[in-house]
Amino acid sequence: MQIASQLEPFFNTALEEAFGLAVLPVPRGVPQNLPEDVVALVAAPMDTAAPRPAGWPFGLQWIQLVTSGTDKHPAWLLDSVPTATARGVAAQQIAEYALAAMLYQAKRLDTLWIRGPQDWNAGPLDSIAGSTVGVVGLGAIGSALARKLLALDAKVLALRDRPVPTPIEGVEILHDIAALLARCDHVVLAAPATPRTRHLLNRTALASAKPGLHIVNVARGELIDDDALLWALASGSVGAATLDATVPEPLPAGHPFYTHPRVRLSPHTAAIGRLSRYALAQKTAQNHQRWIEGRPLLDLLPAADPTQSLT
């Protein structure tokens, strides 16, 4: 009995050595001809338009996604056997990325360092303490970030689409994106990509932004209208953008985000690291044990699907 994995050797080694599972490394993309003794697949993102392979789902009994959302997987993969998301495994790591981006902006780390006495011109630095930060989506990532921000004495606002009380003491809940943007020094996008969140940051919303707003996207590129963001950067309603997610990925050569002086791009890497991979390995092992015992998988679709709301 084996688990097929589309992830890197570190993850596979953790499954084998830390959790005693037999792992078969397989290429990323559409699975092909898995052996009969493979009961589970750790599935990386793949082309959502890819056709169902012949023989699917082979001998698979369950699937562990490496993402918390489902928008990077074809429907036939999600609908075939019980499928679990990776909700929460990278929350701390992504929250740290967002916090680092805000500190980078506040402390002017791109221009702060000097090379000689001719550069010795002290200037004011901003602070996270006393600033107002908006968090769009208060799921695992947004909650982890909110707690870190509160510890640094920031004022934290959160956008949620459900009329429920705040789950984190000290976080103020808003239900209107324009109202959120108007009050914030930084806004972090941590919501899933759905038809309801597509182009959440559009020209109308960005026109309401507090001048100089810093936007951090650790979610999906679909949440931002790129043309609207470029307009907002040119008009000054947005001061800077740190983007770990774009659409498409990668952006084509010549896209203005690559060379814009107030846009910082990273290759959708905030979630990737030893901490999050080990947490995913642990979750995979827990789900394998639950499957053996006949219990429901952790974060099983569709009940735990985090793509259905801002949370």
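Before reading further, recall that the structure is shown in the block above.
Reference entry: report on the structure contained in this document. (Residues numbered from 1 in each chain as written. Predicted model: local features only at pLDDT ≥ 70, side-chain atom pairs only at ≥ 80, totals over all residues. Heavy atoms only, no water.)

## Looking at the packing of helix H3 (residues 91-106) against helix H4 (residues 140-151)
Quick note on the threshold: Comment: axis = line fitted to C-alpha atoms, over the contacting stretch for helices; angle = value between 0 and 180 degrees taken between N-to-C directions. Numbering goes from the N terminus for both helices and strands, where a helix is a DSSP run of H or I of at least four residues and a strand is a run of E of at least two. Oblique is the label for every angle not falling under 35 degrees (roughly parallel), over 145 degrees (roughly antiparallel), or within 65 to 115 degrees (roughly perpendicular). Handedness of a helix crossing follows the sense of rotation of the near helix relative to the far helix, less than a right angle counterclockwise being left-handed and clockwise being right-handed. The contact criterion used is simple: two residues touch if any of their non-hydrogen atoms lie within 4.5 Å. Throughout, the ten residues Ala, Val, Leu, Ile, Met, Phe, Trp, Tyr, Cys and Pro are labelled nonpolar, Asp, Glu, Lys and Arg are labelled charged, and all others, Gly among them, are labelled polar.
Closest axis-to-axis distance for the H3/H4 pair is 8 Å, and the angle between their directions is 50°. The angle between H3 and H4 places the two elements in the oblique class. The two elements H3 and H4 cross, and the hand of that crossing is right-handed. The segment H3 lies against H4, with Ala91, Gln92, Ile94, Ala95, Glu96, Ala98, Leu99 and Met102 engaging Ala140, Ile141, Ala144, Leu145, Lys148 and Leu149. Tallied by class, residues from the contact of H3 with H4 come to 11 nonpolar, one polar and two charged.

## Some points on the sheet that holds strand E12 (residues 263-265)
Backbone-to-backbone hydrogen bonds pair the strands of a sheet. The strands run either parallel or antiparallel. In plain terms, the rule: Each pair of strands is called paired provided DSSP finds at least two bridges between the two strands.
Pairing is parallel across the open sheet formed by seven strands, whose spatial order is E8-E7-E6-E9-E10-E11-E12. The strands lining the two open edges of the sheet, one partner per strand, are strand E8 (171-174) and E12. Across this sheet, the average inter-strand angle for adjacent strands is 20°, counted without regard to direction. Relative to strand E10 (residues 213-217), strand E9 (residues 186-189) is paired through four bridges, and the arrangement is parallel. In the sheet register, Val187 faces E10, and the bridge partner there is Ile215. Strands strand E6 (132-136), E9, E10, strand E11 (238-243) and E12 of the sheet are contacted by H3, whose axis makes an angle of about 155° with E10.

## Topic: the packing of helix H1 (residues 9-18) against helix H8 (residues 274-293)
Between H1 and H8, whose axes approach to 9 Å, the crossing angle comes to 45°. By the angle between their directions, the pair H1 and H8 is classed as oblique. For the pair H1 and H8, the crossing hand works out as right-handed. On the side of H1, the interface is formed by Phe10, Phe11, Ala14, Leu15 and Ala18, while H8 contributes Arg274, Arg277, Tyr278, Leu280, Ala281, Thr284 and Ala285. Considered class by class, the residues forming the contact of H1 with H8 number nine nonpolar, one polar and two charged.

## Topic: the environment of Asp226
Heads up, the condition is: Partly exposed residues are those whose accessible area sits between 20% and 50% of the maximum for their type, while under 20% is buried and over 50% is exposed, using a 1.4 Å probe and protein chains only.
Position of Asp226 among the secondary structure elements: in helix H7 (residues 226-235). Assessed through its relative accessible area of 16%, Asp226 is described here as buried. Separated by 20 residues in sequence, Asp226 and Thr246 place their C-alpha atoms 8.8 Å apart. Filtering out sequence-adjacent residues up to four positions away, Asp226 remains in contact with Val247, His255 and Phe257.

## Some points on the pairing of E6
The element E6 is extensively covered by neighbouring structure, given that five of its five residues are classed as buried. What you see with E6 is no split at all: Thr132, Gly134 and Val136 on one side and Val133 and Val135 on the other are buried throughout. Note that E6 and strand E7 (residues 155-159) share five bridges and pair parallel. Considered in E7, the bridge of Gly134 is made with Leu157.

## Thoughts on the side chain of Ser266
Here Ser266 shows up in the loop between E12 and H8. On the basis of relative accessibility, which here comes to 18%, the residue Ser266 falls in the buried class. Excluding residues that lie within four positions of it along the chain, Ser266 makes contacts with Tyr97, Leu243 and Asp244.

## A short note on the sheet that holds strand E5 (residues 83-84)
The strand order across the open sheet built from five strands is E2-E1-E3-E4-E5, with neighbouring strands paired in parallel fashion. Strand pairing shows two members of the sheet lacking a second neighbour, strand E2 (23-25) and E5, which therefore form its edges. Summarising the sheet, strand E1 (residues 2-5) and strand E3 (residues 38-43) pair through four bridges and their orientation is parallel. Of the residues in E3, the one forming a bridge with Ala4 is Leu41. Lying on the sheet, H1 is in contact with E1, E2 and E3; it crosses E2 at an angle near 165°. Contacting E1, E3, strand E4 (62-65) and E5, H8 crosses the sheet at an angle of about 165° to E4.

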